[in-house]
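Listed here are the chains, written in short residue letters.
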Amino acid sequence: MSALLTPPAASGSLIGQRIPKMDAPDKASGRTRYIHDIDLPGQLHAAILRSSRVHARILRIDTTAARALPGVHAVLTAADVPDQQPIGVAKDHLPLKRDRVRSVRDEIAAVAAETEAIARQALTLIEVEYEDLPVLADARDALAPGAPLIHPEPHGADPAKPGLKPGMPIAFAGKPDNIAMRFDYTHGDVAQGEAESDVVVEDSFSLHYVTHCCMGVSGVIAEFDARGNLLLYSNTQVPFLHKREFAEIFRMDPGRIRIIQPPIGGGFGSKLDIYPFEIISVYLARATGRPVKLLFNREEEFLASPTRQPVLLTLRSGCKRDGTLTFRSVRTLHDNGAYTSWGATTPFVMMQTFSSLYRVPHCDYHTLAVYTNNPYAGSFRGYGNLQATFAVEAHMDQMAEAIGMDPLAFRQKNAQLQGEVSGQGMVFRSCGFQDCLTSAAERSDFAHRHAEYAAQRNAPGAIKKGIGIASMLHVGGGAKIYPSDGCGTILKLDDFGHVTLITGASEIGQGSETVLSQLVCEELGLPMSAVTVVNNDTDITPWDVGVHASRTTFIAGNSAIGAARKARDKIFAAAAPRFDCAADDLALRDGHIVRRASGEPLIEIARFLRSLHFSDRAELVMTTFYYEPPSVHQDKGFKGDVSAAYAWAAQVVEVEVDTDTGVVRMLKVTGAHDVGRVLNRLGIEGQIEGGIVMGQGYALTENLLVENGNIRNPNFRDYKLVTAPEIPEMDIAFIESMDGEGPQGAKGVGEAPAICIAAATANAIYNATGVRITSLPFTPERVYRALHGVLPPVPPVPPIVERPA
Amino acid sequence: MSLKHEIRFRLNGVEQRTSVDVGLSALQLLRDVIGLPGTKYGCGEGECGACTILVDGASVNACLLFAVDCGGRELTTIEGLAGDPRAQALRQAFVAHGAVQCGFCTPGMVVQATHLLAVEPKPDAASAKRAIEGNLCRCTGYQKIVDAIVDAGARLADTTAGDKQ
């Protein structure tokens, strides 16, 4: 259990301490200025008219009355912007729809006016005539003969106009079928694995729609200056990718686009794609010559934000009587919605869980993402892993029971170990998985309670208790998806020993600026108060791929450390001759240059920096560093060591099920997380607690109701987030596996805590009641129906024919 | 055509007189007319608590209160609590306990918790949870907010007890 021991902290070390977030005092005083709080002089307010139909042809749009309304500066429809270009992950999405709407969120027209009230009033004056088309509302019908086609014809810009880059498509080609994307993965030989199995189980799982519900609604401010440079105040999580995409869409030199990110009121993956409202605001700014601000209201946030990817999944798994896993075979059907965003690419992450969480000698995985007229799915904390883990961990319990093995022992037998290479080619250089399982089970008294609750299943009384365990694997050292997975840092040390840390990494509330400052101070022997962070302006900050894939602490952290070490080396090189010693004999401690061996202070860092500056060989200490993780791109078969480190966790959920009402209460969550090393204890606890409760919402209460393409509950009254009185007791253990590549040994943790909760809850409900539920969420109605045998079974995913070679 | 109404009220200790549209909410009055952005718009329907303010000492969702109904009342926003000892203790505790992540719900949480400490000076965790059940937070999982409120109450109670000795 050596991995459980906390490494000894150097005296005065900041690592592992409880460091308050640098932005917290302003936030707790109401002083933080989010995008909603920013107004530019001369600014106009925008609003968007969305479709009132799910699938229809647009026959006529009349904006005459809206244009005539006093205070209206511009009304735009697709006809007013002939140079529109499709946007998004598959470039299948025109910001303003030209002749067809494909979902209720679809943007038809936009207004810029003196006030938001006038803009919204103008929307009511726009007349749209539609011709309804047949609605495709169920992904299972998407490939049926005669199914409505969602993108049958090409759409996009005037083909006569060239794209920014030679050969770049400016129009979407259209799709003769409704297939948006497909993924096929194989290692080993599933047929052989099945032949070797003593037990084979197959089930189908249905994972529902949920959405991010950031407390700050979406918004943007767009402004052109007199030279035609574009300034965007944006909530994006990917400023540098955004800048490039805006440049392509507007055929601009990317150097003339500046993105400023005000503090962001929640991200969770929702701000990884580019959205029509952002493009439309730029059109309006271009049309009016004024700054244009657009904010969603909450209903719009529900209607027009991306969702978590809904998944229909059929899993077939096998094992031997001794508990060795033999194979896993997976088919999933993803409802893409009307357009393609990141949700369609969640198979990248899902297949990792099927292929590599446990040792599985044979695995295949096939996904189709199909167009429908439903809302489209984006990226959301966990990125497909909640869905995959829900299925895998149900089967782990079912197979353990089938062979009469304890569910913990069954997992321990198959859990990956340090040094192993998974079938998908992931190399587990640090791996605390076994310790996670042991720690979570011991702390929660899992073995004893699991047996006891199962034994009490048929005892009198409506209230049953249950306990369930689930595990997860997620990238913890970035994910090499783009040409670079790196992050740049610029460090400026001034004459007063103050450090300006300029980082490409975005702060979305997760605490990156604090942890990055901590890492720099640790290297430079300075207090946290010596650092100012600049992290939100693409004209200043160096490149970063964005806040996603739990990567910021790892990637931006290594980048910050690299810049700090260069600054330190520069100081030592200049100081060594002055103090008549070698650079290696020096150290930085408590704001001083000291002798490494004795700790004897030689000079204050600030004073030394001044003496460097005001000398005849005047010099400032400023450094840059770009960190690129030693990960690789996956090959065409999705194999490869895609992350520089992998994070592991086991979580145990204890529930109480009221069998009279179907109400499930989450009593306690015990989590053991391999985080590499704890950097900021306060921050990491917050990430994990928040993730657990987000997982609780996914498991129990949250459900975006989509019926025939319409969203039935676009408000917090009917879309139920977890509230304070409902949270479980949370007990969190940190497994410090000290990753060799991680900053001070740390690995990413942002997404991990949300991933296992629904899976462990399903296992706990089974432990309490003996009933296995394979669809989410566990609302009272669903649980009650399941307990009484009247919950319709989840239909299997239709066979997916492999792509011809 | 919109109907306007003149109202007088006290905001954060300062007398105000303004003419407001009858359809205007107190939240719009604070943010858009007066220009105090600490009170947040989260839903506009009284479901999220991001716009919590104090009206004559009671905590209220500003989005559900008409501006015209503020006439003759005493309004306190997060900005007006700058010197309030309860709010001060809460702010310190929120920072120290890591109760702030994106921070968008935080002003509403602090105002709501200030009201709690006024009516129940030393709340336990269950009271704190009940008090903020109308305030949604998507980041923290609430535990650290609850810890902060309980701790602020305990510290204030200790200080008060100390003063009396």
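Because the structure is predicted, anything quoted here is derived from the model rather than measured.

1. Focus: the overall build of chain B
Counting secondary structure elements, chain B contains five helices and five strands. Each helix and strand of chain B, ordered N terminal to C terminal, gives the series β-β-α-β-β-β-α-α-α-α. Taken over the C-alpha trace, chain B has a radius of gyration of 16 Å; the compact-globule value for 165 residues is 15 Å, and the two agree within 12%. Principal axes of the C-alpha set define a box for chain B whose edges measure 55 × 40 × 20 Å. The buried share of chain B, taken over its 165 residues, is 56%.

2. Overview of the domain arrangement of chain A
All names here are of chain A. Domain boundaries assigned for chain A yield domain 1 (2-32 + 486-627), domain 2 (36-134 + 144-168 + 217-264 + 271-304) and domain 3 (311-479 + 634-787). A separation of 41 Å is found between the C-alpha centroids of domain 1 and domain 2. On the domain 2 side, the residues contacting the 16 residues of domain 1 number 13 residues. In terms of residue class, the side of domain 1 that touches domain 2 is made up of four nonpolar, eight polar and four charged.

3. Considerations on the interface of chain B and chain A
Across the boundary between the two partners, chain B contributes 40 residues, which contact 45 residues of chain A. Residue assignment for the side of chain B that touches chain A shows that the elements contributing at least two residues are α2 (85-96), α3 (106-119), α4 (125-131) and α5 (143-164) of chain B. Split by residue class, the side of chain B that touches chain A holds 21 nonpolar, 10 polar and nine charged.

4. Describing the sheet that holds strand β2 (residues 56-62) of chain A
Residues and elements named next belong to chain A. A sheet is described by the order of its strands in space; here three strands give the open sequence β4-β2-β6, paired in antiparallel fashion. If you trace the sheet from one side to the other, it starts and ends with β4 (100-101) and β6 (127-132), each paired once. The pairing of β2 with β6 spans six bridges and is antiparallel. Across the sheet, I58 pairs through a bridge with Y130, a residue of β6.

5. Side note on the sheet that holds strand β23 (residues 592-595) of chain A
Consider a sheet: its strands pair through backbone hydrogen bonds, and that pairing is either parallel or antiparallel. Residue and element names in this part refer to chain A. Across the sheet, three strands lie side by side as β22-β23-β24; this open sheet has antiparallel pairing. At either end of the open sheet lies a strand with only one pairing partner, and these are β22 (586-589) and β24 (601-604). Averaged over neighbouring strand pairs, the angle between their axes works out to 30° when direction is ignored. In terms of strand pairing, β22 meets β23 through four bridges, oriented antiparallel. Looking at β23, one finds that A587 is bridged to V594.

6. A word on helix α18 (residues 757-769) of chain A
All names here are of chain A. Taking 1.5 Å as the rise per residue, α18 with 13 residues should run 18 Å; its terminal C-alpha atoms sit 18 Å apart, in good agreement. In terms of burial, α18 is a largely internal element, 13 of the 13 residues being buried. Just downstream of α18 lies G770, where phi reads positive at about 80°.

7. Here we look at the nonpolar core
All names here are of chain A. Ranked by internal contacts, the top residues of the largest apolar core, which has 301 residues, are V111, V520 and I765. No other element matches helix α14 (residues 552-578), which puts 11 residues into this core. Residue contacts for V520: discarding those within four places in its chain leaves L491, V499, L501, V531, A560 and A564.

The rules we used
- Residues numbered from 1 in each chain as written.
- Chains lettered and ligands numbered in written order.
- Predicted model: local features only at pLDDT ≥ 70, side-chain atom pairs only at ≥ 80, totals over all residues.
- Helix = DSSP H or I, 4+ residues; strand = E, 2+ residues; numbered from the N terminus.
- Rg over C-alpha atoms; globule rule 2.2 N^0.38 Å.
- Buried ≥ 20, exposed ≤ 12 C-beta atoms within 10 Å, placed from the backbone.
- Domains from an automatic or database assignment.
- Contact = placed C-beta atoms within 7 Å.
- Nonpolar A, V, L, I, M, F, W, Y, C, P; charged D, E, K, R; others polar.
- Pairing = 2+ DSSP bridges.
- Axes fitted to C-alpha atoms, helices over the stretch in contact; angles between N-to-C directions.
- Expected span 1.5 Å × (residues − 1).
- Core = buried A, V, L, I, M, F, W, Y, C linked by C-beta atoms within 7 Å.

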